[in-house]
Amino acid sequence: MSSHLRIGACALIASGAMALPATASAADIQTAVNAVKSHTTRADSALDRAVSKFANGSDRTARVSYAKSRKEMGRAKAAAAKARRQAHTPNEHAKAALAQALVGAELGENIEKLATALRTADGRDESKIAVAARADTRGREKAIAILTALLTEVPEQARTGIAKAIAALSQDRDDETQLEAKALISKHVSTTNKKRVASTIKISIDGQTKASETLAGLIASTDMPAESKQGLQTAYDSVTAEHGSVADILSRLSPRMPAFARARVEQIITQARTDAQGMRDNHPTGPPAGTPGGPTAGPNGGPGATIPAGPMAGTQVGPPA
């Protein structure tokens, strides 16, 4: 998960929200959004330091930075939840969505870093990191669900940005899976934590499958702006392809995993490939031309016509499962 979500999608959400009226509620929500930005930035920097210190054997220093990262993430999530509770108008809900997108983006980045640290931390530190990686993976899926729910509460001009945030959170999971698979074959990771890692991979696969259903629903929705559909189609195709590539990554490394992990991973591989085929077979199409959320129609496909985004239903996208 790269920082492009924070830089791009969150800026789109912010620009899509109209200026908030000068009310106490609006001021409180903006304060909460600012707090989320501050806390996620601090959490990110602290986790970077922790990963680096664990890698060079400075465990005591690493623990301090790791604890700070988790504390800042807790504060960020609390601030985002506060923004949602205080939001009452469409514009305020858009600000709350921005706060949630920031949290989701940081959770996505955390997962890769935590998976990296697993192979260099020891004992209780290793266990805390494995538990955190699983929790943050669940948190990312929750962030997608929250953003999806907020779509019905925000102004239309904010929906494309939120859709972009949902799409970004649903993708880019190959690298984290690669790192988690390496943890499963590492001699330095305990059996208990390998079981946690396998569970984390399963949560991500399940979440991405659910995200594909969310993306398909948004593509078909007449409430989504037409300009959002291309990005949603691209994201759906990416999720489909990633399911196949994740299955390939796990398949390549599974022979080197201990038997208990290999059995669990083989079930995940089968699920990922089956789900990917289902995504290809049920590829979504948007609303017809001329309807709300659909492409604009021109005479005989002439000026004013817009070619529907994405391949036709049933077209295979990405590597074969």
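As a starting point, this report considers the structure included with it. (Residues numbered from 1 in each chain as written. Predicted model: local features only at pLDDT ≥ 70, side-chain atom pairs only at ≥ 80, totals over all residues. Heavy atoms only, no water.)

**Some words on the pattern of salt bridges**
Item 1. Applying the stated criterion to the full structure yields 10 salt bridges.
Item 2. In this structure, Asp48 engages Lys113 in a salt bridge whose closest nitrogen and oxygen atoms are separated by 2.8 Å. Taken together, the residues span a long stretch of sequence, with Asp48 in helix α2 (residues 24–55) and Lys113 in helix α4 (residues 90–118) at a distance of 65 residues.
Item 3. Look at Lys113 and you get buried, because its relative accessible area is 17%.
Item 4. Between Glu141 and Arg173 there is a salt bridge, with its nearest N and O atoms 3.0 Å apart. With Glu141 in helix α5 (residues 123–150) and Arg173 in the loop between α6 (156–170) and α7 (174–185), this pair connects stretches of sequence that are 32 residues apart. The same class applies to Glu141 as to Arg173, namely buried.
Item 5. Overlapping salt bridges bring together Arg140, Glu141, Arg173 and Glu176 as one network. (Salt bridge = Lys/Arg side-chain N within 4 Å of Asp/Glu carboxyl O. Helix = DSSP H or I, 4+ residues; strand = E, 2+ residues; numbered from the N terminus. Buried < 20%, exposed > 50% of the residue type's maximum accessible area, 1.4 Å probe, protein only.)

**Regarding the environment of Arg119**
Item 1. Checked against the element boundaries, Arg119 lands in the loop between α4 and α5.
Item 2. On the basis of relative accessible area, Arg119 is assigned to the partly exposed category, the value being 29%.
Item 3. For Arg119, the residues in contact, after removing those within four places along its chain, are Leu179, Lys182, Ala183, Ser186, His188 and Val189. (Contact = heavy atoms within 4.5 Å.)

**With respect to the side chain of Thr209**
Item 1. Position of Thr209 relative to the elements: it lies in helix α8 (residues 191–220).
Item 2. With relative accessibility at 13%, the residue Thr209 sits in the buried group.
Item 3. If sequence neighbours within four positions are ignored, Thr209 has contacts with His243, Asp275 and Met279.

**Observations regarding α4**
Item 1. Relative to the 42 Å expected for 29 residues at 1.5 Å per residue, α4 spans 42 Å between its end C-alpha atoms, a close match to the ideal helical length.
Item 2. Within α4, 27 of the 29 residues are buried, leaving the element largely enclosed by the surrounding structure. (Expected span 1.5 Å × (residues − 1).)

**Observations concerning the nonpolar core**
Item 1. Of all hydrophobic cores here, the largest spans 33 residues; its most connected members are Tyr66, Ile129, Leu250 and Met257.
Item 2. Within the residue set of this core, elements represented by two or more residues are α2, α3 (59–86), α4, α5, α7, α8, α9 (229–253) and α10 (259–281).
Item 3. Not counting chain neighbours up to four residues away, the residues in contact with Ile129 comprise Phe54, Tyr66, Leu114, Ala117, Leu118 and Ala121.
Item 4. By size, the runner-up hydrophobic cluster in this structure holds 28 residues, among which are Ala94, Ile146, Leu151 and Ala235. (Core = buried A, V, L, I, M, F, W, Y, C linked by side-chain atoms within 4.5 Å.)

**Comments concerning the packing of α4 against α5**
Think of two packed helices as two axes; the pair is described by the angle between the axes and how far apart they sit.
Item 1. For the pair α4 and α5, interaxial distance at closest approach is 8 Å and the crossing angle is 155°. For the element pair α4 / α5, the angle class is roughly antiparallel. α4 and α5 meet at a crossing whose hand is left-handed.
Item 2. Classifying every residue of the contact of α4 with α5 by side-chain character gives 16 nonpolar, 7 polar and 3 charged. (Axes fitted to C-alpha atoms, helices over the stretch in contact; angles between N-to-C directions. Parallel < 35°, antiparallel > 145°, perpendicular 65-115°, else oblique. Left-handed = near helix turned anticlockwise from the far one by under 90°. Nonpolar A, V, L, I, M, F, W, Y, C, P; charged D, E, K, R; others polar.)

**Some details on unusual backbone geometry**
In most cases, non-glycine residues show a negative phi, while peptide bonds are predominantly trans.
Item 1. The backbone of Asp172 sits at a positive phi, close to 60°, despite the residue not being glycine.
Item 2. Relative to the helices and strands, Asp172 is located in the loop between α6 and α7.
Item 3. Judged by its relative accessible area of 33%, Asp172 falls in the partly exposed class.

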